[in-house]
Amino acid sequence: PELACELKKAGVSTRYLTEEASRQSIDFLYALPNGTYYRSMKYHGDVFASRNSGTVEFKDDKLVVGNMLRGTMATQIEDMRMQMETTAAAFGAHFNREYGYPGYISPEGTPLVETWKAVCKEQFGRELDMSNMHAGTEGGTIYDKMGGLGQADIIALGPLSVDVHSPQEAMN
């Protein structure tokens, strides 16, 4: 309930960007693909792939932008990576992929999915609203480590989220 804010005068920085470097940095950030990449028509327009800038900093006199590429399919992730790489190259920059997450789409009708549907019907008295989404990156990682198709049956549970990444974001 109580919030205090104290402002102090900062010292003068000895490091700064030239006007040209500042313009190039802003242009690059503006051109860099960000946000929703693909929505599913089958699952009510749910986001299936996105790329989001999370950090922006200067390291060793270089602009470093940290991005998260997430998708339900490896081909979506690869296409987003290629877009980022192409955009970086157009500005004379380098795109470095440090890590990534494999995609995963939960197959319909598997024993685990059918069991979960039955449990939800019994416990809540209604049909389960199935959806695939790009945020559960651990599902794709586990699926990939276990050998892929036929080796793993995975479901991820989470709240119903609306207006994600907006001031109106809410969960049920």
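In case you missed it, the structure is sitting above this.
Keep in mind the model is a prediction, meaning the values are calculated, not measured. (Residues numbered from 1 in each chain as written. Predicted model: local features only at pLDDT ≥ 70, side-chain atom pairs only at ≥ 80, totals over all residues. Heavy atoms only, no water.)

Asks: Can you lay out the side chain of Ser-50 for me, pointing to particular residues and giving the numbers?
Replies: You can see Ser-50 is positioned in strand 2 (residues 47–59). Side-chain polar atoms of Ser-50 contact the side chain of Asn-52, separated by 3.1 Å. (Helix = DSSP H or I, 4+ residues; strand = E, 2+ residues; numbered from the N terminus. Polar contact = N/O pair within 3.5 Å; in protein donor to acceptor, adjacent residues only side chain to side chain.)

Asks: Outline the nonpolar core, supporting the account with residue identities and numerical values.
Replies: Residues Phe-28, Leu-32, Ala-49, Leu-69, Ile-77, Met-80, Met-84, Ala-88 and Phe-95 constitute the largest nonpolar core, which totals nine residues. For this core, the element with the most residues is helix 2 (residues 74–90), which contributes four residues. When sequence neighbours within four positions are dropped, the list of residues in contact with Leu-32 reads Ser-53, Val-65, Asn-67, Met-84 and Thr-87. (Core = buried A, V, L, I, M, F, W, Y, C linked by side-chain atoms within 4.5 Å. Buried < 20%, exposed > 50% of the residue type's maximum accessible area, 1.4 Å probe, protein only. Contact = heavy atoms within 4.5 Å.)

Asks: Run through the packing of aromatic side chains, naming residues and quoting values.
Replies: Here the structure, examined in full by the defined rule, presents two aromatic pairs. Ring geometry for Phe-28 and Phe-91: centres 5.4 Å apart, planes at 75°, overall edge-to-face. Note that Phe-28 is positioned in helix 1 (residues 19–31) and Phe-91 in the loop between helix 2 and helix 3 (111–124), a separation of 63 residues in sequence. For Phe-28, a relative accessible area of 11% gives the class buried. Note on Phe-91: relative accessible area 38%, which makes it partly exposed. Geometrically, the ring pair formed by Tyr-38 and Phe-48 is edge-to-face, given 6.2 Å between the ring centres and 65° between the ring planes. Taken together, the residues span a long stretch of sequence, with Tyr-38 in strand 1 (residues 35–39) and Phe-48 in strand 2 at a distance of 10 residues. Residue class for Phe-48 comes out buried when judged on its relative accessible area of 6%. (Phe/Tyr/Trp six-rings, centres within 6.5 Å; stacked < 30°, edge-to-face > 60°.)

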